[in-house]
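What the coordinates show
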Amino acid sequence: QNGAAFSKVRGSQSGQDSTRWHVVRKFLGLISTHNIPVYLIDPLILGLVDKDIEQIRSSPDGLSPECKYFCAPRDFTTFALLEKTWKHEVGLFRTAEKMGFQWLKIINKDPRLDGMDDLSGMEIPLHYIFKLASHAIHLVVFYERSGNFLWHGPLRLKQHMDRKFVPFRKLHFGRYPGAYEKPELLLVSIDDLKVQIPKNPSSFLEEVSHSRFLECRYREARAFFQLYSDDASLDAVEFRKKAKSLLHLAALTLNNLGVKFWLSSGTCLGWYRQCNIIPYSKDVDLGIFIRDYKADIIPAFQKAGLPLKHKFGKVEDSLELSFQGEDDVKLDIFFFYEEDDHIWNGGTQAKSGKKFKYLFPKFSLCWTEFVELKVHVPCETLQYVEANYGPEWKVPVKTWDWKSSPFNVQDNGVWPIDEWDNVIQIY
Amino acid sequence: MEEWKPNPAVKPHKKRSWYLAWKYKLMNQRALRKLCQTGAVLFLLVTVIVNIKLILDTRRAAYEEEEESAQDYDDEMLNVEVPRHPVNNKKVLDVEVYSSRSKVYVAVDGTTVLEDEAREQGRGIHVIVLNQATGHVMAKRVFDTYSPHEDEAMVLFLNMVARGRILIFTIKDEGSFHLKETAKNVLKSLGSQVAPFLSWRDMWTFVGKKGGEVYGEKHAKSPALSTWGDPVLLKTEVHLTSVEDAECHWPDTELNRRRKRFCSKVEGYGSVCSCKDPTPIEFNPDPLKDNKVFDVPVAVIAGNRPNYLYRMLRSLLSAQGVNPQMITVFIDGYYEEPMDVVELFGLSGIQHTPISIKNARVSQHYKASLTATFNLFPDAKFAVVLEEDLDISVDFFSFLSQSIHLLEEDESLYCISAWNDQGYEHTAEDPSLLYRVETMPGLGWVLRKSLYKDELEPKWPTPEKLWDWDMWMRMPEQRKGRECIIPDISRSYHFGIVGLNMNGYFHEAYFKKHKFNTVPNVQLKNVESLRKDNYETEIHRLLGEAEVLDHSKNPCEDSFVPDTEGRVYVMFIRMEQEADFTTWTQLAKCLHIWDLDVRGNHKGLWRLFRKKNHFLVVGVPASPYSSKKPSSVTPVFMEPPAKEEGAVAVPAVAAAEQT
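Numbers given to residues run from 1 along each chain, matching the order in which its sequence is written. All chains are assigned letters beginning with A, and all ligands numbers beginning with 1, in the order in which they are written. With the structure being a predicted model, the display of local features is reserved for residues of pLDDT at least 70 and the display and counting of side-chain atom pairs for 80 or more, all residues being used for whole-chain, interface and lining totals. The basis for every side-chain value is the complete set of heavy atoms in the structure, and neither hydrogens nor water enter the calculation.

1. A word on the overall build of chain B
Which entries qualify depends on this criterion: Strands are runs of DSSP state E lasting at least 2 residues, helices are runs of H or I lasting at least 4, and numbering of each runs from the N terminus. Residue exposure (1.4 Å probe, protein chains only): buried if accessible area is under 20% of the type maximum, exposed if over 50%, otherwise partly exposed. Contact between two residues is taken to exist if any of their heavy atoms lie within 4.5 Å; hydrogens are not considered. Using the Shrake-Rupley algorithm and a 1.4 Å probe, accessible areas are obtained, with residue cover drawn only from the displayed protein chains.
Scanning chain B from N- to C-terminus turns up 18 helices and 24 strands. The buried share of chain B, taken over its 659 residues, is 51%. Restricting to contacts in chain B with at least 6 residues of sequence separation, those with at least 24 account for 71%. Total accessible area on chain B stands at roughly 32700 Å², and carbon and sulfur atoms take up 55% of it.

Structure representation (structure tokens):
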């Protein structure tokens, strides 16, 4: 009924679907009349676009001879909307209805208020779905979060909602919340449609596959502080401040090197249990997979003003680095070794040359927000924390011995004396 | 309704037929015994399995709530809609109104909508406004007409109520002592026969329609000065009109829908709800050129004073350069009406469950609001903090836009504030002039994110410490010698008289005559001179230019300052050390400026205007500027008058508190 505006589509090549193209075009029209800046994040289309990216970049107005991207028959096309750039005007939906769209709005609590005692704001829109004929546009709303990143929420249907409005399970976004860098955008013309896309589609697609975000367990953290009141002493405030800035510096340094890291040991426990730095922990602990090890790590930290305090082990075995932060706050980096059914990191006692091993069940990495930083934590955090601290991890323990207290510590022999110079370096 | 709601799909029932088939099989006698045996074993097995699964499931569910729900895109929280009250088709409301010395109540159709039997509270005339079509309570007020001026407030309120609304009045304790003629006449015009003759400790109830019929009135005279009238109970019926009649017929626009929603719920906001020519709720003030604060979030801290909030937001949204998207109103408590006001203006609002009491509660509300503001606007380097009882100057954002870079670049600054504690009608003159002061005035100010996140938030006073947040911020441990930038003429005006630390007398004495800038687009003068070192140069220049006043005259007298305009004068007062404000306080008192604690000083120097001349006061010898004092001049010394002082002083609770 729309009349085929796309000349080649009229030929109706097999496997092509002009409906999709028309719906996308209509949607882009709707969006532009309301001045809403959206960008394309559809993984399938971006995958195709990425292959031709040089050509697309070089001909921003180029007319394409055939419908290559928007005509593959799919149930959805996915776009993103930056909430900050949008004035929530209701007019959009009325126009959409007039154009024949059916639409669905998924709202939920604002996670940016979740950490706060008892604040309740208006629920915020997380996803929109605009359906026309057999095609639907999935519009994912991205919010800015502390830690300079973008966040989108999970898609959860409320009771009264139509579960068959669209095949929700096929959606590319919304199974989990996600965290993303703020993308640079590029206006391109593909299939004769002008759309904004992430400037670097391949790195965006890489992000999509590792975007899962975990919210801190604020409710449990509040319960924890009801049980064990927070330490508000000046010392605690000072330590948290230093630990936070050390973590920020470490994150900056490692991110610049492109080395993936996560919160480990006490820092991870602090996040998981109380959504904060444990004030008596005295150091900041990070984990890095040994496969991500780079020789530049040590010089990079030194350059950032964090001298190496000690280096235990070697790349092949039990590597552990420790850097000296401001006033006694230490940064410990543990390197993790992957085995078939578990992951472990090592420890070394300097005076005896004794080796220790800490075993963890396998885990993947998720993003979270911690002290105004976007950082990784093990997605299977509970198993990780339980492995490390045992079933009593909820109870604060102030006297801690890294050689005996951890739940998952094992003796691992002794370094041969002739290796000591190499594997036990103290500065 | 803007939301498109599909019909819930109906699920087919398959279980039943399977069950029936099984039941028929059971009828087969031959197999019955065997079946029973296997059945029993099977049952046992199933029970065990089900139980194990249940245990596992509960455990998993407890740990992986997220995971589970992520599987099928269902919301984990069953958002069961509360069934609405059936539409009330009844055309008549039963109304009961009770008036007595110690208790009042109002019941509408058996539901108590007002009940007040608290001691020492709620004295005066209680007024309730009902929607004439739905019977919903639209406003509830109490005017303590035993005290002066409250009757004026009541008249103001009644005038704002739309025609046709149902008004219910009842007196608790005493309501006539300061009920003046005007107020009595207004009540009379509403149809009350008794109002003109209401007297000391009479009990009174009245129900009527504004501009229409009277539904009932009861009155009990007080027999003697020392006693109260007998309690009265009025029972009457009110006939409801159609919804159509109760609503205005504004053109159907987005704005008017908001207006309609608001006006059908609450009353007492005057022309915003008038059918003819309602006052606008969108203001579109001129944008500011090169607005440096367009992206700065604005946190409006509010309690349950919706009328104040309404006035405040109107002035805020009318200020040039305002960006409504950056405004968040933080309401301390689950109050509906302030939220209605927020929604009327299309702003976003956040409610905060109260956790603590009095001062500490305000303090916790501030903390939660500030933290939330920086969470919601993670890019922001600053936040503007406002309160619900402030008028905002038309050039508020222009003032900030011109000065905010100082806060970013000069680490010796603590804040920029729109309020000059000493800026009264008779002491402030120059809208383009800025000062540096060692005190933190609050009342419309800008907070640097790094200051909040790195210093204040981590050690913010906990609820059990009953501290005022602003007093705490003024403590040397927090301020660390940093200063605030303020204008000579304030860009905010504190109009609130009902507050935690406020009362009418206090407001009259200290706030009413405060100067407030109404000139748009004021170009600030020499902003760079406000930087730390530049300011010292500037002060020395000023002092160099200043004429020393005749110290033999009485500094409290007008004649102390010559009848000139635009000159700079200086006087020297005694100030033995940094914290010696004896003379200053007395001088402040006689100049009728803020004297409850020391405000507006910079290194023992105060700057204000007298008779349109710049007037500098230097504390000698504590101030580093003492060297400017000619040796011939003896610093003025003033002492507090002996003893009686205490009795006349402002109530202690008000001391030094402006919030």
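2. Side note on the overall build of chain A
Which entries qualify depends on this criterion: Under the counting rule used here, the positive set is Lys and Arg, the negative set is Asp and Glu, and His together with the chain ends is not counted. We put the charge of a Lys on NZ, of an Arg on CZ, of an Asp on CG and of a Glu on CD.
Broken down by element type, chain A carries 12 helices and 21 strands. Seen along its three principal axes, the alpha-carbon backbone of chain A occupies a region of about 80 × 50 × 40 Å. Counting every position in chain A, which comprises 427 residues, the buried fraction comes to 54%. A fraction of 69% describes how many contacts in chain A between residues 6 or more apart in sequence connect residues 24 or more apart. As displayed, chain A has an accessible area near 18900 Å², and 51% of this comes from carbon and sulfur atoms. Taken together, the 55 basic and 55 acidic charged side chains of chain A have centroids lying 6 Å from each other.

3. Looking at the domain arrangement of chain B
All names here are of chain B. Using the following cut-off: An automatic or database domain assignment supplies the residue ranges for each domain. Note on terms: buried area is the combined drop in 1.4 Å-probe accessible area of two parts once they are placed together, counting the loss on both. Basic side-chain nitrogens of Lys or Arg form a salt bridge, by our definition, when they fall within 4 Å of a carboxyl oxygen of Asp or Glu. In protein, a polar contact requires one atom able to donate a hydrogen and another able to accept it; more generally it is a pair of N or O atoms within 3.5 Å, and residues adjacent in sequence count only if both atoms are side-chain atoms. When residues are grouped by polarity, Ala, Val, Leu, Ile, Met, Phe, Trp, Tyr, Cys and Pro land in nonpolar, Asp, Glu, Lys and Arg in charged, and all others, Gly among them, in polar.
Under the domain assignment used here, chain B contains domain 1 (92–245), domain 2 (298–526) and domain 3 (531–628). Placing the centre of domain 2 and that of domain 3 at their C-alpha centroids yields a distance of 27 Å. Across the boundary between the two partners, domain 2 contributes 27 residues, which contact 23 residues of domain 3. For the pair domain 2 and domain 3, the summed buried area comes to about 2300 Å², and 54% of that belongs to carbon and sulfur atoms. Inspection of the region where domain 2 meets domain 3 yields 2 salt bridges. Inspection of the domain 2/domain 3 interface yields 12 residue pairs in polar contact (both at pLDDT 80 or more). Elements with a contribution of two residues or more to the side of domain 2 that touches domain 3: α11 (396–409), β16 (434–437) and α15 (504–510). Looking at the side of domain 2 that touches domain 3 element by element, the count peaks at 4 residues for β16. Tallied by class, the residues present in the side of domain 2 that touches domain 3 amount to 10 nonpolar, 7 polar and 10 charged.

4. Quick look at the domain arrangement of chain A
All names here are of chain A. Segmentation of chain A into domains returns domain 1 (19–211) and domain 2 (218–426). Opposite the 14 residues of domain 1 that make contact, domain 2 presents 7 residues. Summed over both sides, the interface between domain 1 and domain 2 buries roughly 900 Å², with carbon and sulfur atoms accounting for 50% of that surface. A per-residue breakdown of the area domain 1 buries against domain 2 is headed by S146, F149 and H210, which together make up 35% of the total. There are 2 salt bridges connecting domain 1 and domain 2. Joining domain 1 to domain 2, the criterion identifies 3 residue pairs in polar contact (both at pLDDT 80 or more).

5. Brief notes about the packing of aromatic side chains
Inclusion rule: Only Phe, Tyr and Trp rings take part, Trp by its six-membered ring, and two of them pair if their centres are within 6.5 Å. Stacked means planes under 30 degrees apart, edge-to-face means over 60, and tilted covers everything else. In this scheme, the term charge over a ring applies when either NZ of a lysine or CZ of an arginine sits within 6 Å of the ring centre and within 35 degrees of the ring normal.
Evaluation of the coordinates by the stated rule reveals 53 aromatic pairs over all chains. With 5.1 Å between their ring centres and 85 degrees between their planes, F396(B) and F397(B) make a pair best called edge-to-face. In this pair, the class of F396(B) matches that of F397(B), namely buried. Judged by centre distance (5.2 Å) and plane angle (55 degrees), the rings of W460(B) and W472(B) are tilted. Of this pair, W460(B) sits in the loop between α12 (449–459) and α13 (469–474) while W472(B) is found in helix α13, placing the two residues 12 residues apart along the sequence. Taken individually, W460(B) and W472(B) each receive the classification buried, so the pair is uniform in this respect. Sitting above the plane of the W415(A) ring, K355(A) keeps its charged end 4.2 Å from the centroid.

6. Concerning the sheet that holds strand β13 (residues 382–387) of chain B
Hydrogen bonds along the backbone pair up the strands of a sheet, which may run parallel or antiparallel. The condition is simple: Strands were regarded as paired on the criterion that DSSP finds at least two bridges between them. Axis definition: a line fit to C-alpha positions, over the contact stretch in the case of helices; interaxial angles, taken between N-to-C directions, run 0 to 180 degrees.
Ordered by their spatial adjacency, 9 strands build an open sheet running β4(A)-β12(B)-β11(B)-β10(B)-β13(B)-β17(B)-β15(B)-β18(B)-β16(B), and the pairing between neighbours is mixed. What marks the edges here is a single partner per strand, and that holds for β4 (119–121) of chain A together with β16 of chain B. Recorded for the sheet is a direction-independent mean angle of 25 degrees between the axes of neighbouring strands. Sheet topology places β16(B) next to strand β18 (residues 483–487) of chain B; 4 bridges connect them, and they run antiparallel. Within β18(B), the position partnered with R436(B) by the bridge is I485(B). Each of β10 (298–302), β11 (327–332) and β13 of chain B touches helix α8 (residues 306–318) of chain B; the most contacted strand, β10(B), lies at about 165 degrees to it.

7. Thoughts on the environment of K26(A)
You can see K26(A) is positioned in helix α2 (residues 18–33). Classification of K26(A) by relative accessible area gives partly exposed; the value is 25%.

8. Some thoughts on a negative patch on the surface
This is how it is decided: Patch rule: a residue counts if its relative accessible area is over 30% and it has no salt bridge; like charges are joined within 9 Å, and nonpolar side chains (Val, Leu, Ile, Met, Phe, Trp, Tyr) within 5 Å.
A contiguous patch of negative charge, built from D231(A), D235(A), E238(A) and E326(A), is present on the exposed surface. In this fold, E326(A) is placed in the loop between β14 (317–324) and β15 (330–338).

9. A word on empty space enclosed by the protein
Selection criterion: Definitions used for this entry: grid spacing 1 Å over protein atoms alone; cavity, a set of points where a 1.4 Å probe fits but cannot get out; pocket, an open set with protein on both sides within 12 Å along at least 5 of 7 lines; lining residue, one with an atom within 4 Å of a point. Grid points are joined across faces, edges and corners, and a volume is the space filled by probe spheres set on the points.
All chains considered together, the criterion is met by 4 cavities of 30 Å³ or more. A volume near 50 Å³ is recorded for the largest cavity. Split by residue class, the lining of the largest cavity holds 5 nonpolar, 3 polar and 1 charged.

10. Remarks on the nonpolar core
Residue and element names in this part refer to chain B. Put simply, the rule is: Nonpolar core, defined: a set of buried Ala, Val, Leu, Ile, Met, Phe, Trp, Tyr and Cys residues in which side-chain atoms within 4.5 Å join the residues together.
Within the largest apolar cluster, 117 residues are counted, with the highest numbers of intra-cluster contacts made by V300, L313, L316, L386 and W584. Taken together, domain 2 (298–526) and domain 3 (531–628) each give at least three residues to this core, which thus spans both. When neighbours within four sequence positions are excluded, W584 is seen to be in contact with Q422, I573, I593, V598, W606, L608 and V617.

11. A look at unusual backbone geometry
For the peptide bond that leads from V620(B) to P621(B), omega is 10 degrees, which places it in the cis range. Positionally, P621(B) belongs in strand β24 (residues 613–621). Positive phi outside glycine occurs at A133(A), with the angle close to 50 degrees. Structurally, A133(A) is set in the loop between β5 (124–132) and β6 (135–145).

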